[in-house]
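Structure at a glance
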Amino acid sequence: MKKATFIILAAVLSLAGYSQTVYNINPVGEEKNNKTSVRFGETVKFRIKNVNSLKLGGYVTSKPITIDFTIPTQFSEAGQQETAGKEDAEKKTSGISKNAVSAWADTKLLEEQKKAAINEAEGVRQEEDSLVQKINELAKKSNKQSSAITALQKKLNTVIEAIDAINKKIEQLTKAIEQQQKEKKEDSLRQVFKKEFSAFIADIQKISLYVKAEEHIDSMVPPLFIADTAALKRSVKNYIDAVFGSPDDSACAKEVIDVFNRVNSSYTILKETYETLSKLVDNENSTVSGELKTKGGEISIKITDAKLEFKRKKFFEEEFAFASKLQKELSEPKTRTELINKANLAVNLYTLICNSHFEVYTDAEQINDDFMELSPVLKDSNGKTVKEFNKVTFRSQGGIKVNFSSGYLMSFAGDDNYAIYTDGDTVLGVKKQATNKITHAIGALGHVYVRSDKDVNVALSGGISITNTGTVGFYFGPSLLFLEKNRLAFSAGISFIQTKTLNTGNLKPIPDSDNGPYQFAFSNTGNNTINYDNLYKSHFFIGLTYNIFKSK
């Protein structure tokens, strides 16, 4: 039981010893209910609100004041660009789709025409076979029918010429169909390239926004004080939502990786499409001969077997070169890692802002003096002071304090005063005379008291003095201390001062004396000297003393 009581008592004392006062400072508003009176030994720290805690820290300098009493002497544009780019891409895609439909219709028409020509040629061939069969039959029946055979032969030649003409037409139609198919394939590949190139550029723009996001968010946070922290958090959230598509930090981090993967995928398709388109580009060679003359014929130039070469420019050569340059930079592992880390810094900064209270605390200072003058400041990451606040003076209460004062002390006591009285020439004795009932003194008192945050305090005092008779006096009693620093002390209690007291060694009381016990006769007529004893006796006293402080 005793051990448990000891543990509980130790815990209570421990908690009491670690009590702390927080003094609030609001640079953009008014802060109420701050107290500057604290317990002696308690710690004090400042909480500075509505401040850019991402870049600034709170610090405090202290100046203890001990009263020693002495005897007197602060994306829309990027989003709009991206939206406009998407709209242009949609318009281009729509135009490409219409051209593709028209090319498809032309190809179908040529294929139908080719099919009709083939059917016509097949019919002519069948007619040819029938005529040959008839000619053979007629030849067998009679060699005399030569005229008819000749006519049929002519007709057969005519049919053969028609077949050749049809074959040429079929060949022309085949070439036209092949050309249409080639153009259709080119158009389809060009459409794919444009689509993927638009997607590639859009993702590159996103990466650029991701990389710049941290700097943009940082510029949104005022460098010193923030008037409305809730509005700031909403603005940053809206920006993150616009750039990354989600305010969730894990989703943002995933989106960054996804964009880089889409860039790689788009570039792979671009490369394959560009290489296929390049193979479809035909370069033509021809030989030319002839003669060139001026209008009057004075000059002529003869050309014999001149070689001409026709070269077609590759599709999207500049666009692919631009995409290849970007892809080469992004494919570097170091560059990719740096860009991803840069984008993640923006997400981390957003998370930090959302979770921040935008408050900074100074270190706690323990109040172990009568007064403590604290000066809170804000410093940047380089240790440079960017803001100094008004000094705050804390006054301690509790704890034993000793100080001193000096001044006037008055004891309600005086010396005995007796005189010889006679009857003519005969000494009869001694008789008490008028006496002073008070003793004045200049003295110094020591005051022991518990610190208070009031301007009136109660102390237990004790001290010494030099009386008006030149003797030393001693004093003890309670005191009331007034004022904050230059304390005025009113004391009362018991004093021990030395006073002269009648020595009755050679005196005897005179009974039935009109002066009562204050009249004495000498017991020895040969010794008529009045003797006094200097004795310390207790008396009531009051005092009014004053102390002058000096701070250190």
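Because the structure is predicted, anything quoted here is derived from the model rather than measured. (Residues numbered from 1 in each chain as written. Predicted model: local features only at pLDDT ≥ 70, side-chain atom pairs only at ≥ 80, totals over all residues. Heavy atoms only, no water.)

Moving on, we come to the pattern of salt bridges. Pairing is possible between side chains that carry opposite charge, provided their charged atoms lie close to one another. Throughout the structure, instances matching the rule amount to 8 salt bridges. Notably, a salt bridge pairs Lys55 with Asp218, separated by 3.0 Å at the nearest N-O pair. Residue Asp218 is classed as partly exposed on the basis of its relative accessible area of 30%. A salt bridge links Asp203 to Arg262, with the nearest nitrogen and oxygen atoms 3.3 Å apart. Of the two residues, Asp203 is situated in helix H3 (residues 146-220) and Arg262 in helix H5 (residues 249-280); the sequence distance between them amounts to 59 residues. For Arg262, a relative accessible area of 31% gives the class partly exposed. Salt bridges here are not isolated pairs; linked through shared partners, they connect Asp203, Glu255 and Arg262. (Salt bridge = Lys/Arg side-chain N within 4 Å of Asp/Glu carboxyl O. Buried < 20%, exposed > 50% of the residue type's maximum accessible area, 1.4 Å probe, protein only. Helix = DSSP H or I, 4+ residues; strand = E, 2+ residues; numbered from the N terminus.)

Let us look at the sheet that holds strand E13 (residues 400-411). Here 6 strands make up a closed barrel; going around it, the order is E13-E16-E17-E18-E19-E22 and the pairing antiparallel. Within this sheet the neighbouring strands show an average axis-to-axis angle of 30°, counted without direction. In this sheet, strand E18 (residues 472-482) lies alongside strand E17 (residues 456-467) in antiparallel orientation, the contact comprising 11 bridges. Across the sheet, residue Ser461 finds its bridge partner in E18, namely Gly477. (Pairing = 2+ DSSP bridges. Axes fitted to C-alpha atoms, helices over the stretch in contact; angles between N-to-C directions.)

Here we take up the sheet that holds strand E14 (residues 418-423). Spatial ordering of the open sheet is given by E14-E15-E21-E20, a layout of 4 strands whose pairing is antiparallel. On the outer flanks of this sheet lie E14 and strand E20 (507-509), each paired with one strand and no other. Pairwise comparison of adjacent strand axes, ignoring direction, gives a mean angle of 35° for this sheet. The pairing of E14 with strand E15 (residues 426-432) spans 6 bridges and is antiparallel. Each residue of the ladder has a partner; that of Tyr421, found in E15, is Gly429.

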